[in-house]
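Results of the structural survey
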Amino acid sequence: MKFGEVKIEAIQGDITKQDDIEAIVNAANAQLQMGGGVAGAIHTAAGRELSEETKPLAPIRPGQAVITNGYNLPNKYIIHTLGPVYGFNQPEEKFLADCYKNSLVLAEDHHIESIAFPAISTGAFGYPFEQAMEIAFSTVHDFAKNAKSVKLIRFVLFSEKDFEQYKNKLNSLG
Ligand code: AR6
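Residues numbered from 1 in each chain as written. Predicted model: local features only at pLDDT ≥ 70, side-chain atom pairs only at ≥ 80, totals over all residues. Heavy atoms only, no water.

1. Remarks on the layout of surface pockets
Over the atoms rolls a probe the size of a water molecule, and in doing so it shows where empty space is left. The space that makes up the largest pocket amounts to roughly 550 Å³. What lines the largest pocket is a set of 25 residues, and nearest its centre among them are Ala27, Gly37, Val38, Ala39 and Gly123. When contributions to the lining of the largest pocket are tallied by element, the ones reaching two or more residues are α1 (37–46) and β7 (152–157). Of the residues assigned to the lining of the largest pocket, the class counts are 14 nonpolar, nine polar and two charged. (1 Å grid on protein atoms, 1.4 Å probe; cavity = no way out; pocket = protein on both sides within 12 Å on 5 of 7 lines; lining within 4 Å. Points joined across faces, edges and corners; volume = space filled by probe spheres on them. Helix = DSSP H or I, 4+ residues; strand = E, 2+ residues; numbered from the N terminus. Nonpolar A, V, L, I, M, F, W, Y, C, P; charged D, E, K, R; others polar.)

Listed below in structure tokens is the structure:
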């Protein structure tokens, strides 16, 4: 789906396998270390050099984003952002929106044209999936109006069920 000059799409897959994308976003922990879920998969695929680069950048706050190299990943960059823990880091709607917004601001700063997001905070951090999806869409949609370098925003959903929800949402917008 095109929003101005920006294409927004959703696919089912693994965030570490997006070889046509310049920057992938990590649903990180505050210490920017391995962890489980997306962070575990990204650190495993990127290799040990990644945690050397992230160490001096930590800790980060909910909603903040930082950028590193992609190392062994097929992507030039990794943007690490800390989602809110649902029911704990309030206001969680704002923190989650900040994750998307600040990641996109960093992408623009680095003249990045394509970026892929996982469903931040919806795993270990317990954010209800549909509520998180609404925030992801509205934030990315608002941003798309003023995007300069970013031309492609991809949502990567791990499960079929999650992907179907994003697909329906995209269809409802078009
Ligand atoms: N590719 C795409 N999506 C994935 C992948 C993958 N390889 N693996 C999981 N997901 P989570 P959070 C989905 O828990 O909730 C970590 O341990 C998953 O199904 O990775 O922000 C960190 O160290 C879910 O929908 O991120 C932090 O401590 C979504 O990605 C904490 O978890 C996010 O799940 C961050 O929790």
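2. Considering the environment of phenylalanine 3
Along the chain, phenylalanine 3 turns up in strand β1 (residues 2–3). A relative accessible area of 13% places phenylalanine 3 in the buried class. When the C-alpha atoms of phenylalanine 3 and asparagine 29 are compared, they prove to be 31 Å apart, with 26 residues separating the residues in sequence. Not counting the four nearest positions on each side in its chain, phenylalanine 3 is found in contact with Ile8, His141, Ala144, Leu170 and Leu173. (Buried < 20%, exposed > 50% of the residue type's maximum accessible area, 1.4 Å probe, protein only. Contact = heavy atoms within 4.5 Å.)

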